[in-house]
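The lines below spell out each chain.
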Amino acid sequence: MKKIILFFVCLVLYNGKLFAQQLYKMDVPKLVKTAFFKHYPGVIPFWEKEHANYEAAFQQNGKATIICFDANGNMLQTEVVIAIAELPPAVMLYLENKITNYKIRAASRITKTNGTVHYEAEVNGQDLIFDTAGNFIKAVKA
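Treat the numbers as computed from the prediction; the structure is a model and nothing was measured.

Engineer: Now, about the confidence of the model for the chain: what can you tell me, with residues and values included?
Structural biologist: For residues with low pLDDT, the predicted coordinates do not support detailed interpretation. A residue-level look at the chain finds 82% of positions with pLDDT of 70 or above and a mean pLDDT of 87. Note that residues 1–19 has pLDDT below 50 and, in this model, 26 contacts with residues that lie over four places away or in other chains.

Here it is, written out as structure tokens:
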């Protein structure tokens, strides 16, 4: 049952992205695949291309995980789907004060390769990005 829920969470996250394109393994550059399997041997991901980058989605420790690489195989960030309750409290306060009739469809924790952590909340057709203190950074069309 958890695998079915994870599958649908991945579908919601990826089908909602305007510029994402599902890829076959053979369409992913060798440098990207090599870099992924160096970090995650034995894992079979779902591949997508978003803009110029490649995303590998899979389940790790019971959570949907997305790893983003550039075309040269450099890891850019890791995105882990989290429960809405895991968002920083300031995020919820921001939403209550700034957005009328909001509904959070999904939440995730994004860790850049330099260690910077952001939180993402998909709200009303937008991905809202926050820092670890819950301060609003930007909105991106989902």
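Engineer: Mind laying out the pattern of salt bridges, listing which residues take part and the relevant values?
Structural biologist: Using the criterion set out here, one finds two salt bridges in the structure. Close ionic contact of glutamate 86 with lysine 63 constitutes a salt bridge, the shortest N to O distance being 3.1 Å. Of this pair, glutamate 86 sits in the loop between β5 (75–82) and α3 (89–98) while lysine 63 sits in strand β4 (residues 63–69), and the two are 23 residues apart along the sequence. Look at lysine 63 and you get partly exposed, because its relative accessible area is 27%.

Engineer: Before we move on, could you go through the environment of arginine 105 and cite the residues and values that matter?
Structural biologist: With respect to the helices and strands, arginine 105 occurs in strand β6 (residues 104–112). For the pair arginine 105 and alanine 121, spaced 16 residues apart in sequence, the C-alpha separation works out to 7.5 Å.

Engineer: I'd love a proper account of the pairing of β6, names of residues and values included.
Structural biologist: One ladder, built from six bridges, connects β5 with β6; its direction is antiparallel. In the strand pairing of β6, valine 81 is matched with serine 108. Relative to strand β7 (residues 117–123), β6 runs antiparallel, the two being bridged by seven bridges. Counterpart to arginine 109 in the pairing with β7 is tyrosine 119. Two successive antiparallel strands, β6 and β7, enclose a turn made up of four residues, where glycine 115 displays a positive phi of approximately 95°.

Engineer: Which residues make up unusual backbone geometry, and what values do they have?
Structural biologist: A positive phi angle, close to 55°, is found at histidine 51, a residue other than glycine. Checked against the element boundaries, histidine 51 lands in the loop between β2 (46–50) and β3 (53–60). What makes histidine 51 exposed here is its relative accessible area of 53%. Here the phi dihedral of asparagine 124 falls at roughly 50°; this positive angle occurs in a residue that is not glycine. You can call asparagine 124 partly exposed: its relative accessible area is 46%.

Engineer: Pulling in residues and values, what's your account of helix α2 (residues 30–39)?
Structural biologist: Of the positions making up α2, those classed as buried are Val32, Lys33, Ala35 and Phe36. Viewed end-on, α2 has its buried residues packed into an arc of 165°, placing them on one side of the element. Exposed side of α2, more than 90 degrees from the buried face: Lys30, Leu31 and Lys38 are the residues found there.

Rules used in this analysis
- Residues numbered from 1 in each chain as written.
- Predicted model: local features only at pLDDT ≥ 70, side-chain atom pairs only at ≥ 80, totals over all residues.
- Heavy atoms only, no water.
- pLDDT = per-residue confidence, 0-100.
- Contact = heavy atoms within 4.5 Å.
- Salt bridge = Lys/Arg side-chain N within 4 Å of Asp/Glu carboxyl O.
- Helix = DSSP H or I, 4+ residues; strand = E, 2+ residues; numbered from the N terminus.
- Buried < 20%, exposed > 50% of the residue type's maximum accessible area, 1.4 Å probe, protein only.
- Pairing = 2+ DSSP bridges.
- Arc of directions from axis to C-beta.

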